[in-house]
Amino acid sequence: MNIFNKIKADIKEAPFKRVVMPLVILLIGFLARVWWIRTIPTDQLYDFDAYYRIAKNIFEGKGFTYEGAPIAFQGMFYSWSLGMLFKVFGSASVGLAKWFNVIYGTLTIALVYKIVLKMTTKNENANTLALVTMAITAFLPHHIAYCSTTGTEIQMAFLLALLIYIQVSDLNDKWKYPLLGVLTGICALTKPFYLAYPVIIGFSEWMMNKNLKRSAIKGLLVWMVMAAVVSPWTYRNYKAFGRFIPVSYNSGFNLYINNNPNNVHGGWMSFEDLYKTDEIEAIIDTHLENGNKSIKLASDIEVDLKPYAVQWIKENPEEFAKLGLIRVHSTYFNGAWDIDAWTMNRLADKPTELTTKEVERNRNAFRALNDILLSILSGFSLVFIMLGIPSVFMSIVSPKRKLDQSIVLLFMNLAFPSIVFFVL
């Protein structure tokens, strides 16, 4: 009741800022997403197509399969949850998947508002800060455009926002940390690198409260619950593939693709361009059955390729660092090329009264606006991480130096994926 009374008091104190403006921003953000999925034609390419086909197989009672075989190439939660939604609604249409992205995206906007409001309670401009952040989230081109894809991006943004919201909430610890464990498990089943997130929670607790025992217990509790959530899928993988695969089997493969002597850009490479000795080429041919088998079904290729990646990294630490730097640059400053490639790839087929030059000019202007906005936000994010490293490091090693929750959660949730991007 105290929570509801506080909400009522806040609304009564500032109805325009606490009710009208948030609802207006939420509505406009929702309508922008609806407009996008109804107006911009999109082909589901590569991973998006695979996610959808797996969900469709679940809907049709074929299980978690791809091209007639069990698969665990990527996290399972998106395809599984989409397949379950298809079953509930009796349809496996791409349009339905897009509408669920709109719902996830709208909920994310609301969660961001609540998170910022909670993290800035002591600031006299808390309402303004929360509304500005909410508006940025509502109109971020990526958050709108990816609603038209059958991929993890929009759902993952929602899950991460929910995870952070629980962390900043006043929920009793006996409920908060088990719930964080459940959410972390779901995040890990979506993006496997979140298997390491309990460590982030443990370090965050230590920096905020300086109670080593309680921080370790909280991190361990989150890990145990997360492990319980993930374990049924891990068991399924053991039964299907005959070895221990916590979530997916593409990490070793990606490690080699992104870290080999021929990689100069830090990103994806085709097999034709990949560095291959006769031994490596034989490994690839065996696992892919001389090109007759999809890489997504080659469950053991990472076992054979990962040692080559690790060996190259150990023998070439400077080159690995260069690729990592290039990857970080690509993550933060490569612009919004992916919006064109993945979410607007059928726009040229859409009937229009505009000339080809006018369409191209409009598209380039939209791309320029996206690039500028993304570069500004990404630049601030990277600067925040770089400036925060000394304080965070000192807080980790010091038994007394505490950091404010807003600093810790922002830093850890920006730095954690950045480290992953550096490697992969």
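Everything quoted here is computed from the prediction, not taken from an experiment. (Residues numbered from 1 in each chain as written. Predicted model: local features only at pLDDT ≥ 70, side-chain atom pairs only at ≥ 80, totals over all residues. Heavy atoms only, no water.)

Side note on unusual backbone geometry
Glycine aside, residues mostly have negative phi, and peptide bonds are mostly found in the trans state. Positive phi, normally seen in glycine, also occurs at Glu-67, with a value near 50°. Here Glu-67 lies in the loop between strand E1 (65–66) and strand E2 (69–70). What makes Glu-67 partly exposed here is its relative accessible area of 47%. Notably, Lys-210 is not glycine yet its phi reads approximately 55°, a positive angle. By the secondary structure assignment, Lys-210 is in the loop between helix H10 (197–209) and helix H11 (212–241). Its relative accessible area of 13% is what places Lys-210 among the buried residues. (Helix = DSSP H or I, 4+ residues; strand = E, 2+ residues; numbered from the N terminus. Buried < 20%, exposed > 50% of the residue type's maximum accessible area, 1.4 Å probe, protein only.)

Description of the nonpolar core
Core analysis: the biggest nonpolar cluster contains 93 residues, and Ile-71 and Phe-86 have the highest contact counts within it. Broken down by element, this core gets its largest block of residues, nine residues, from helix H8 (residues 153–168). Once you skip the residues sitting within four places of it in the chain, Phe-86 turns out to touch Tyr-52, Ala-55, Lys-56, Phe-59, Ser-91, Ala-92, Ser-93, Leu-96 and Ala-97. (Core = buried A, V, L, I, M, F, W, Y, C linked by side-chain atoms within 4.5 Å. Contact = heavy atoms within 4.5 Å.)

Description of the environment of Gln-311
By the secondary structure assignment, Gln-311 is in helix H14 (residues 301–315). Taking the C-alpha atoms as reference points, Gln-311 and Asn-57, 254 residues apart in sequence, are found 39 Å from one another.

With respect to H14
Helix length check: H14 (15 residues) gives 22 Å between terminal C-alpha atoms against 21 Å at 1.5 Å per residue, within 8%. Along H14, the residues classified as buried are Ile-301, Glu-302, Leu-305, Ala-309, Trp-312 and Ile-313. Looking straight down H14, one finds its buried side chains confined to an arc of 100°; they lie on one side. The outward face of H14, more than 90 degrees from its buried face, is lined by the exposed residues Lys-314 and Glu-315. Against the buried residues of H14 lie helix H12 (251–258), helix H13 (278–287) and helix H15 (317–333). (Expected span 1.5 Å × (residues − 1). Arc of directions from axis to C-beta.)

Quick word on a nonpolar patch on the surface
Together, Val-20, Val-24, Ile-28 and Phe-139 give the surface a local cluster of nonpolar side chains, amounting to about 300 Å² of exposed area. If one sorts the elements of the nonpolar patch by residue count, helix H2 (residues 15–39) sits on top with three residues. Counting through the fold element by element, Phe-139 comes out in helix H6 (residues 126–139). Classification of Phe-139 by relative accessible area gives partly exposed; the value is 38%. (Patch = residues over 30% accessible without salt bridge, like charges linked within 9 Å, V, L, I, M, F, W, Y side chains within 5 Å. Areas by Shrake-Rupley, 256 points an atom, 1.4 Å probe, with all protein chains shown as cover. Salt bridge = Lys/Arg side-chain N within 4 Å of Asp/Glu carboxyl O.)

A few points about the packing of aromatic side chains
Within a pair of aromatic rings, the relevant descriptors are the distance that separates the centres and the angle that separates the planes. If you walk through the whole model with that rule in mind, you get 24 aromatic pairs. Consider the rings of Phe-193 and Phe-416, whose centres lie 5.7 Å apart with planes at 65°: the pair is edge-to-face. Here Phe-416 lies in helix H18 (residues 405–423) and Phe-193 lies in the loop between helix H9 (173–190) and H10, a separation of 223 residues in the sequence. On the accessibility criterion, Phe-416 (9% relative accessible area) is buried. Centroid distance Phe-253 to Trp-268: 5.7 Å. Interplanar angle 65°. Geometry classified as edge-to-face. (Phe/Tyr/Trp six-rings, centres within 6.5 Å; stacked < 30°, edge-to-face > 60°.)

So, the side chain of Asn-250
Along the polypeptide, Asn-250 turns up in the loop between H11 and H12. Looking at Asn-250, the relative accessible area reads 13%, which means it is buried. A distance of 2.9 Å separates a polar atom in the side chain of Asn-250 from the backbone oxygen of Phe-73. Not counting chain neighbours up to four residues away, the residues in contact with Asn-250 comprise Phe-73, Gln-74 and Glu-302. (Polar contact = N/O pair within 3.5 Å; in protein donor to acceptor, adjacent residues only side chain to side chain.)

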